[in-house]
Every structure is written in structure tokens, then in C-alpha cells.
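Here is how the chains run, residue by residue.
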Amino acid sequence: MCTVTIVPYDDGFRLACNRDERRDRAAATLPNVHRLEHRIAVFPLDPVGGGTWVGVNDAGLAAVLLNRRIKSTAPTANRPLCSRGLIIPILLDCGSVPDALEIAARLDPAHFDLFRLVMVHGMVAAVLASDGRTVSGETLGVSRPLMLTSSSLGDDVVEGPRRRLFERLVVKNDGAWLRAQARFHTHQWPSRPHVSVRMERSDARTVSRTQIDVTSQGSELCYDPLGSDEATVMRMAPQRVTSTG
């Protein structure tokens with residue numbers, strides 16, 4: 001369960017992600033440097049599945065994963081499914097969206113629960129969606145704000161209200177997209193917290209917010225575990241990482 005937005009600025013982009021999770025799920029570990037086979041990447045880890053839902057590498061490729069709750073005709077798996085969070089580190093070992101798409105094309109969707117996945121590099125974004133049988137893809141230019149969202153209540157339940165809010169708060173606020181994006185990710189309707197961007201229910205809530213900035217100056221990942229530790233900021237240039245927090 002997530003809400004993801006991408007906003008272009010300067011010569012790059014800012015990706016923001018609210019992570020919604022069950023209250024009884026173990027907290028993720030703070031972001032760290034991970035040396036993959038070909039690249040260096042920064043991302044938090046989910047101790048339950050052993051993977052991650054968001055990260056960025058030293059090539060400036062950012063990736064984020066959303067669960068998908070739709071009606072599916074895919075057969076029920078007769079074996080345990082792999083964690084969807086294992087997909088992100090595989091793709092962050094790539095240096096571009098086309099390379100990552102080539103790797104993603106080899107994934108067997110039957111091995112994972114349904115998902116949507118966004119990759120951004122430069123001014124290009126790719127959105128992959130699995131229905132359990134196939135993985136479809138769409139490539140978009142990052143010239144205007146983009147949003148994707150999901151919920152265990154059903155993606156169709158939250159898509160409408162969050163989309164309308166995004167259009168009003170962010171898309172129509174041309175010239176101030178970064179400030180509007182920040183407002184959007186903290187928004188909660190007092191009478192409808194269960195469908196809000198900053199979601200809250202008796203069994204689940206928004207547990208963290210991640211912000212990734214990628215420009216010609218390098219990359220920065222800011223991870224805020226809401227209501228607990230201070231935000232962790234990690235900055236990355238090619239083959240070099242520093243952290244503060």
C-alpha cells in the first residue's frame with residue numbers, strides 16, 4: 001500500500017512515497033548503502049520480506065514498488081510466493097530504464113503477488129503492472145507531475161479521491177510543484193482518514209515517507225519513519241555515498 005508521486009524540477013525529478021502498512025508489521029530498517037553486482041544503491045530494508053519498496057542507485061535510477069489490489073483471473077499459486085520487495089534491488093543493479101526493463105521482462109509474474117512498479121531515470125519514467133499472468137509496461141516523459149496509489153481496501157476505492165486531490169493540490173499549482181507535492185503527502189481528511197494520502201485505520205497507517213531527489217548534482221534519499229526516529233538523509237554521487245541523520 002503506497003502513494004507515489006513524481007515531480008520534475010531543475011534538470012531532474014523528486015520522487016515521494018508514502019508507505020502504508022499494518023500496525024503489527026515489523027518496522028523497516030533505516031536506509032543503508034548496498035553494493036550490488038554492478039551498482040551502488042541506497043534503500044531501506046523490510047525485515048519481513050527481506051527486500052525493499054523504494055531506492056535509488058549511483059546512476060540516478062530510482063525505483064518504487066506498490067502492491068496492487070484488483071480483481072485478477074490469475075490462478076492461485078500452489079507454492080509460497082516470493083516477496084515483491086526482492087524486485088527493486090534487482091532493477092537497481094541497472095544503469096538505465098531500458099536496461100531495467102530488459103531485466104523486468106524476464107520476471108515470472110506467477111512468482112509474485114500483484115504489483116505495480118515505477119522506475120525513473122533522467123526525464124523518463126516506466127510503469128510496470130502485473131496481473132499475475134503478464135507484466136505490462138508504459139513509458140512516460142516526466143514533464144508534468146505523476147501519481148500512482150494503492151490500498152488493501154482496493155485500488156479503486158482510493159484512486160478517485162486521491163487523484164482529484166492530486167490534480168487540485170499539485171498539477172494545477174504550476175510553478176510550485178515541489179511545495180504542493182510536500183503538502184499532498186501530508187494530507188489527511190479528518191472525516192476520511194482511511195482513504196487519505198496520509199492514511200490511518202484501526203489496523204493500518206502510513207508508517208514512513210521517502211523522498212528521492214535526482215539531479216545533475218547527484219542523488220539524495222530522505223527517509224522519515226513517521227512518529228519515531230528522526231529522518232535519515234543519504235546523498236550519493238557516482239561511486240561515493242555520504243550520510244547524515
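All of the points below concern the structure found in this document. Model, not experiment: these values are computed from the prediction. (Residues numbered from 1 in each chain as written. Predicted model: local features only at pLDDT ≥ 70, side-chain atom pairs only at ≥ 80, totals over all residues. Heavy atoms only, no water.)

All right, on to the environment of alanine 182 then. As for its placement among the helices and strands, alanine 182 is situated in helix α4 (residues 177-185). For alanine 182, a relative accessible area of 43% puts it in the partly exposed group. (Helix = DSSP H or I, 4+ residues; strand = E, 2+ residues; numbered from the N terminus. Buried < 20%, exposed > 50% of the residue type's maximum accessible area, 1.4 Å probe, protein only.)

Next up on the list: the nonpolar core. Ile6, Phe13, Leu15, Val118, Val120 and Ile212 are the most contacted members of the largest nonpolar core, which totals 28 residues. Not counting residues up to four positions away in its chain, the partners in contact with valine 120 are Ile6, Phe13, Leu15, Gly60, Leu61, Ala62, Val97, Ala125 and Val142. Counting 20 residues, the second largest nonpolar core, distinct from the first, contains Leu65, Cys94, Ala104 and Phe112. (Core = buried A, V, L, I, M, F, W, Y, C linked by side-chain atoms within 4.5 Å. Contact = heavy atoms within 4.5 Å.)

What follows deals with helix α3 (residues 155-171). The end-to-end C-alpha distance of α3 is 21 Å, clearly below the 24 Å that 17 residues give at a rise of 1.5 Å each. Along α3, the residues classified as buried are Asp155, Val158, Pro161, Arg162, Leu165, Phe166, Leu169, Val170 and Val171. Of the surrounding secondary structure, the elements contacted by the buried residues of α3 are β1 (2-9), β2 (12-22), β6 (62-67), β7 (115-121), β10 (146-149) and α4. (Expected span 1.5 Å × (residues − 1).)

Right, let's talk about the pattern of salt bridges for a bit. Counting across every chain of the model gives 13 salt bridges. In this structure, aspartate 213 and arginine 14 form a salt bridge, with 2.7 Å as the shortest nitrogen-oxygen distance. Residue aspartate 213 is found in strand β11 (residues 204-215), and its partner arginine 14 is found in strand β2; the two are separated by 199 residues along the sequence. Its relative accessible area of 17% is what places arginine 14 among the buried residues. (Salt bridge = Lys/Arg side-chain N within 4 Å of Asp/Glu carboxyl O.)

Along β10, one buried face is formed by Leu146 and Leu148 and the opposite face, lined by Met147 and Thr149, is buried too. In this structure, β1 lies alongside β10, joined through 4 bridges in antiparallel fashion. If you follow isoleucine 6 over to β10, its bridge partner there is leucine 146. (Pairing = 2+ DSSP bridges.)

With antiparallel pairing, the 7 strands of this open sheet are ordered in space as β3-β4-β5-β6-β7-β8-β9. The open sheet has two free edges, formed respectively by β3 (29-35) and β9 (135-141), since each of these has just one partner strand. The mean angle between the axes of side-by-side strands here comes to 15°, regardless of whether they run parallel or antiparallel. (Axes fitted to C-alpha atoms, helices over the stretch in contact; angles between N-to-C directions.)

On to the packing of aromatic side chains. Taken as a whole and assessed by the stated rule, the structure comprises 3 aromatic pairs. On the numbers, 6.2 Å between centres and 55° between planes, the contact of tryptophan 53 with tyrosine 223 is tilted. With tryptophan 53 in the loop between β4 (40-45) and β5 (54-57) and tyrosine 223 in strand β12 (residues 218-225), this residue pair connects regions lying 170 residues apart in the sequence. Note on accessibility: tryptophan 53 and tyrosine 223 belong to one class, buried. The ring of tryptophan 53 has arginine 19 sitting right over it, with the charged end atom 4.0 Å from the ring centre. (Phe/Tyr/Trp six-rings, centres within 6.5 Å; stacked < 30°, edge-to-face > 60°. Lys NZ or Arg CZ within 6 Å of the ring centre and 35° of its normal.)

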